[in-house]
Amino acid sequence: MSVISVNSEHQYDVKIGNAWLDELKSTITNYSRVGVFFSEAQKDLIPKISLDAEVHYFPLPDGESAKSSQIIAKMWDWMGAAGFTRSDVVVGIGGGTITDVTGFLAATWMRGIDWIAVPTTLAGMVDASVGGKTGINSDYGKNLVGAFHSPVKVIIDSTWLKTLPTRDIAAGLAEVIKTGFIADPTILDLMKDFDLEKDRDNTKLLDQLIEKSVSVKARVVSADFRESFEREILNYGHTLGHAVERHSKYSLRHGEAISIGLVFAAHLSASHCGLSSDAVTQHIELLTKLGLPTTYDRAALPKLHAFMGIDKKSRGSTLRFVGLSSLGKTQRIEGLTIDDLAAAYEKISR
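Rules and cut-offs
Residues numbered from 1 in each chain as written. Predicted model: local features only at pLDDT ≥ 70, side-chain atom pairs only at ≥ 80, totals over all residues. Heavy atoms only, no water. Helix = DSSP H or I, 4+ residues; strand = E, 2+ residues; numbered from the N terminus. Buried < 20%, exposed > 50% of the residue type's maximum accessible area, 1.4 Å probe, protein only. Areas by Shrake-Rupley, 256 points an atom, 1.4 Å probe, with all protein chains shown as cover. Lys, Arg positive; Asp, Glu negative; His and termini not counted. Charge placed at Lys NZ, Arg CZ, Asp CG, Glu CD. Arc of directions from axis to C-beta. Patch = residues over 30% accessible without salt bridge, like charges linked within 9 Å, V, L, I, M, F, W, Y side chains within 5 Å. Salt bridge = Lys/Arg side-chain N within 4 Å of Asp/Glu carboxyl O. Contact = heavy atoms within 4.5 Å. Phe/Tyr/Trp six-rings, centres within 6.5 Å; stacked < 30°, edge-to-face > 60°. Lys NZ or Arg CZ within 6 Å of the ring centre and 35° of its normal. Pairing = 2+ DSSP bridges. Axes fitted to C-alpha atoms, helices over the stretch in contact; angles between N-to-C directions.

Details of the overall build of the protein
Secondary structure summary: the protein contains 13 helices and 11 strands in total. By its C-alpha atoms, the protein is 60 × 40 × 35 Å across when sized along the principal axes. In the protein, which comprises 350 residues, the proportion classed as buried is 57%. When the accessible surface of the protein is totalled, it reaches about 14000 Å², and 50% of it is carbon and sulfur. Distance between charge centroids for the protein: 2 Å, based on 38 positive and 42 negative side chains.

Some words on helix α1 (residues 20-28)
For α1, the complete set of buried residues consists of W20, E23, L24, T27 and I28. Summarising the axial view, the buried residues of α1 lie within an arc of 120°, below the 170-degree limit, and thus occupy one face.

Describing a nonpolar patch on the surface
The grouping of Y140, L144, V145 and I310 at the surface amounts to a nonpolar patch, some 360 Å² of accessible area in total. By secondary structure assignment, the location of L144 is in strand β8 (residues 141-148).

A closer look at the environment of G103
One can find G103 in helix α3 (residues 96-108). The spacing of G103 and G92 is 11 residues in sequence and 7.5 Å in space, taken between C-alpha atoms. When residues no more than four places from it in sequence are discounted, the contact partners of G103 are W115, T134 and H149.

Things to note about the packing of aromatic side chains
Taken as a whole and judged by the stated rule, the model has seven aromatic pairs. Note on F264 and Y345: the rings are 6.4 Å apart at their centroids and 65° apart in plane angle, and the pair reads as edge-to-face. Taken together, the residues F264 in helix α10 (residues 254-272) and Y345 in helix α13 (residues 338-346) connect sequence positions 81 residues apart. There is no split in this pair, since F264 and Y345 are both buried. Grouped by ring-pair contacts, the aromatic residues F37, F58 and W78 constitute a single cluster. Directly above the ring of Y57 sits K48, whose terminal nitrogen or CZ lies 4.0 Å from the centroid.

Describing the environment of F38
For F38, the position within the fold is in strand β3 (residues 33-39). Linking F38 and V118, residues 80 residues apart in sequence, is a C-alpha distance of 9.7 Å. When near neighbours in sequence (up to four residues on either side) are disregarded, F38 contacts K43, I46, Y57, F58, P59, L60, I93 and I98.

Brief notes about the pattern of salt bridges
If you walk through the whole model with that rule in mind, you get 18 salt bridges. Close ionic contact of R253 with D168 constitutes a salt bridge, the shortest N to O distance being 2.5 Å. Here the residue R253 occupies a position in the loop between α9 (238-247) and α10, and D168 occupies one in helix α5 (residues 166-182), the gap between them amounting to 85 residues. With relative accessibility at 29%, the residue R253 sits in the partly exposed group.

Things to note about the pairing of strand β5 (residues 89-94)
Counted residue by residue, β5 has six buried out of six residues, so it is predominantly covered. Because side chains alternate across β5, one face comprises the buried residues V89, V91 and I93, and the other comprises V90, G92 and G94, equally buried. Taken together, the five bridges between β3 and β5 define a ladder with parallel strand orientation. Of the residues in β5, the one forming a bridge with F38 is I93. As defined by bridge partners, β5 adjoins strand β6 (residues 114-119) across six bridges and the pair is classed as parallel. Across the sheet, the residue bridging to V91 is I116, located in β6.

Here's the deal with the sheet that holds strand β9 (residues 153-156)
Ordered in space as β1-β2-β9-β6-β5-β3-β4, the seven strands form an open sheet in which the pairing is mixed. The open sheet has two edge strands with one neighbour each: β1 (2-7) and β4 (54-60). Between one strand axis and the next, the sheet turns through 15° on average, direction left out of account. Across four bridges, the pairing between strand β2 (residues 11-16) and β9 is parallel. Bridging across to β9, I16 finds its partner in I156. Relative to β5, α3 is tilted by about 165°, and along the sheet it contacts β3, β4, β5 and β6.

Observations regarding the environment of V322
Topologically, V322 is positioned in strand β10 (residues 320-326). Residues contacting V322, with those up to four places away along its chain left out, are E232, I233, N235, Y236, A265, T330 and Q331.

The values reported here are purely geometric and, on their own, carry no functional implication.
Laid out in structure tokens, this is it:
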């Protein structure tokens, strides 16, 4: 087991490689009331937890539909009916949508109660559950309604990944690859020889990749919790990626949309930051090897441009992108014209 500490509005640990249920039980022992939120699709995988405390179980819809104002209102009603107070705790067991909305519930119930993240997807393990960003979606974009509210612990048990389809493993690896490009190229070295079919159940290798990726995020978040400047590097590939995700009506996995966004960001970086053509090719090869998409509909650019305009990283009418000048060296790209965007988008169009 490895432990990575994150320093944000409070210090908390990300524990990797342990038996999740044992770790969870030891963490919630001192609470009088526990709310366990999980995806309806995983209801048969959630055991009844035997404790002296009251334990309440609340199933949520699958996928992005859980991250809506209607669902969070229902969750508030459940909390009130069950009598949850500031001395109680909620637990989110599931992918990034479940931990996002459970964290937002914790941030907003009585202005903030404790919560614990038990991510069950690779994307949730390396991205959504770490960093304290919580939120729900709006009709106008992804994660536009939210709050910074860190968990008291993140419990990562990679045996959950054996329950996932290979498509979800590949999608999660897009976020792992992102951290390799922005901060830790040793991740890219490990991914070079990664065989999706052979290694998807390689717990030792997956734990190594998870630990490296979480370490990157922990360092960045600890230095810039509220995304004043440095934390924005974690959004490499996400400005277009979130727009693609929304344009696809969430038929694409988050990581699949981010894969497209990463290649777009690499092309922008080649034009505006001096990123080498070899590095751009490296993006495409690593992502394609996993079966992830790296191109998108040529005709979609006008709608994608409109969606990007209300991205959280935008300031006024100015779009901002994270770029790379070389592996591990990021910079902000601002002041691009629609022609600049179109030139990069043409390279990923189909």
